[in-house]
Amino acid sequence: MSVPENGLRVAVVGGGWAGCAAAVELDRRGARVTLFEAARSLGGRARGVAVRGAMLDNGQHILLGAYRDTLRLMRAVGVDPERAFLRLPVQMRYPAGGDGMDFAAPRLPAPLHLIVALLRARGLAREDKLALGRFSTAARWMGWQLYKDCTVEELLLRFDQTERLRRLLWRPLCIAALNTPPERASAQVFLAVLRDSLGAKKRAASDMLVPRLPMGALFPEAAAAHLARRGAAVRSGVKVAALASAGPDGWRLALNGQAAGGEAVETFDAVVLATPAPVTAALLAPHPEAGELAQQLSAFTHEPIATCYLQYAPGTRLDLPFYALEDDPASGRWGQFAFDRAQLDPAQDGLLAVVVSAALDAAALPQDALAAAIAAQLAQDFRRPELGAPAWTQVITEKRATFTCSPSLERPGNTTPLPGLVLAGDYTASDYPATLETAVRSGLAAATAIRAYGALPREKRSLSHSHGTQGPTSVR
Ligand SMILES: Cc1cc2nc3c(=O)[nH]c(=O)nc-3n(C[C@H](O)[C@H](O)[C@H](O)COP(=O)(O)OP(=O)(O)OC[C@H]3O[C@@H](n4cnc5c(N)ncnc54)[C@H](O)[C@@H]3O)c2cc1C
């Protein structure tokens, strides 16, 4: 049921998945929402990019059936997840004929689907299967909780996971889910992802959802159209350059960008800052009350992800929509997962996408060298020499794809010491790593925090402002 927010005027700054989720939820609750996005298009780190006249994603994404808030919000803005995704049972399948493994769950109820997958898995010895069974039993027994966080590598050693399982299953899963290598990744966060997917009571939660639609169309653009239909304002190409307290009137935002008519100042009752952590830190830095928070955000480190697109002759196909690849940077093998785009979108005939996560070293290579190495790896792994000679390649590297998800990392909550100013973004407190679901949930949590603020009597709001910040001098 819609709950009016006393017509609160709320600025949502940042049109990534977190900001779009916050805007949709605030609008549903009766706030008067304006969504500002600095770029010309919405979507942030999950957006479309024009390449050679076509729209490709800035990075190949996979969602999980466990992303319940994302799927719910997609439906709310008119996107049908059943059509938007190719839904595949959980799997880790390497090209046939190599040293990899073939693990694919059948469409059976949980946990039977995993038991059967394990029994049928090829490329795993009996001791690997026993170790995997032990891991799953012990993790369930522990309630997927650790007394004290440690690295994923330590967890795997503690649970006696074989070298083969670590190499072919756990490492790729950890890198795909946390974008952080096992030797630096949080075991607790990894367990939370496993709990909600492999450990879930329903098989559908462990399904892998591979987008058929471009990332923009999947949610942010549909959210913008939904907001516009309901009379909310979506202003792309407008950067919020600074914020200042306007005392009882809320917050003054300094805007710039052509779409803002050059430079402008606008006032709102409350603000959701849904910008990436480094931008949020910079916007908060001039406010002494938020100094500690700004410092905490500045201390986050980030991991890159590189996606290499390779265009081949029309009709070039892989047997499966996607494969795991064994990477080995020391011998120039960078690719970790390969996707056959034509099986997702027929318009992308002959296009493959190869993902390199936690890609610090790969990102340092010249793009042509990385693409050539990946093409050679595909030719070798699939035993198809023609894959070594694509017609063209395009590497898209997101240098700050996600924060480094290290053990016991302190992540800030959604509220700040500044009244009426709340945070959203994949870096905010959550037991999940930086994912689309984390971003969406943070947007929903920010909307709830704004609601609590809006429920305060106006005098209380302005009172808290009066001993709040004077704000930066750049906003007059
Ligand atoms: C290559 C890649 C692959 C990924 N793969 C997966 C995956 O498979 N599965 C998964 O779940 N997650 C994946 N992720 C993570 C996921 O994309 C992110 O967690 C999510 O998109 C973050 O959303 P956000 O809204 O928190 O932040 P962002 O997307 O960074 O949004 C912030 C927005 O704020 C805007 N902005 C910045 N400054 C200003 C300003 N001053 N004024 C106005 N606007 C501003 C930015 O332009 C941006 O649009 C991947 C990420 C990348 C980069």
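Just so it is clear, the structure is predicted and the values come from calculations on it, not from any experiment.

## Structural notes on the sheet that holds strand E10 (residues 233-236)
- An order of E10-E2-E1-E14-E20 is seen for the five strands of this open sheet, with the pairing classed as parallel. For this open sheet the edge positions go to E10 and strand E20 (421-423), each flanked by a neighbour on one side alone. Averaged over all pairs of adjacent strands, the angle between strand axes in this sheet comes to 15 degrees, irrespective of strand direction.
- Where strand E1 (residues 9-13) and strand E2 (residues 32-37) come together, five bridges link them in parallel fashion. By the bridge assignment for E2, Val12 is matched with Leu35.

## A closer look at the pattern of salt bridges
- For the structure shown, the criterion picks out 26 salt bridges.
- One salt bridge in this structure joins Asp196 and Arg195, with 2.7 Å as the shortest N-O distance.
- Accessibility expressed as a relative area gives 19% for Asp196, which makes it buried.
- For the salt bridge of Asp207 with Arg203, the shortest nitrogen-to-oxygen distance reads 3.4 Å.

## Considerations on the sheet that holds strand E13 (residues 262-268)
- The strand order across the open sheet formed by three strands is E11-E12-E13, and the pairing between neighbours is antiparallel. Each having just a single partner strand, strand E11 (239-245) and E13 make up the two edges of the open sheet. Between one strand axis and the next, the sheet turns by 20 degrees as a mean value, whatever way the strands run.
- Relative to strand E12 (residues 251-257), E11 runs antiparallel, the two sharing six bridges. In the sheet register, Lys239 faces E12, and the bridge partner there is Asn256.

## Here's the deal with empty space enclosed by the protein
- Under the definition given, this model contains five cavities of 30 Å³ or more.
- Each pocket or cavity is described by its volume, and for the largest cavity that value is around 80 Å³.
- As for the largest cavity, its lining consists of Tyr94, Arg167, Arg171, Pro172, Ile175, Leu325, Glu326, Asp327, Gln336 and Phe337.
- Per-element tally for the lining of the largest cavity: the top contributor is helix H7 (residues 163-178), with four residues.
- Grouping the constituent residues of the lining of the largest cavity by class yields five nonpolar, one polar and four charged.

Parameters and conventions
- Residues numbered from 1 in each chain as written.
- Predicted model: local features only at pLDDT ≥ 70, side-chain atom pairs only at ≥ 80, totals over all residues.
- Heavy atoms only, no water.
- Pairing = 2+ DSSP bridges.
- Helix = DSSP H or I, 4+ residues; strand = E, 2+ residues; numbered from the N terminus.
- Axes fitted to C-alpha atoms, helices over the stretch in contact; angles between N-to-C directions.
- Salt bridge = Lys/Arg side-chain N within 4 Å of Asp/Glu carboxyl O.
- Buried < 20%, exposed > 50% of the residue type's maximum accessible area, 1.4 Å probe, protein only.
- 1 Å grid on protein atoms, 1.4 Å probe; cavity = no way out; pocket = protein on both sides within 12 Å on 5 of 7 lines; lining within 4 Å.
- Points joined across faces, edges and corners; volume = space filled by probe spheres on them.
- Nonpolar A, V, L, I, M, F, W, Y, C, P; charged D, E, K, R; others polar.

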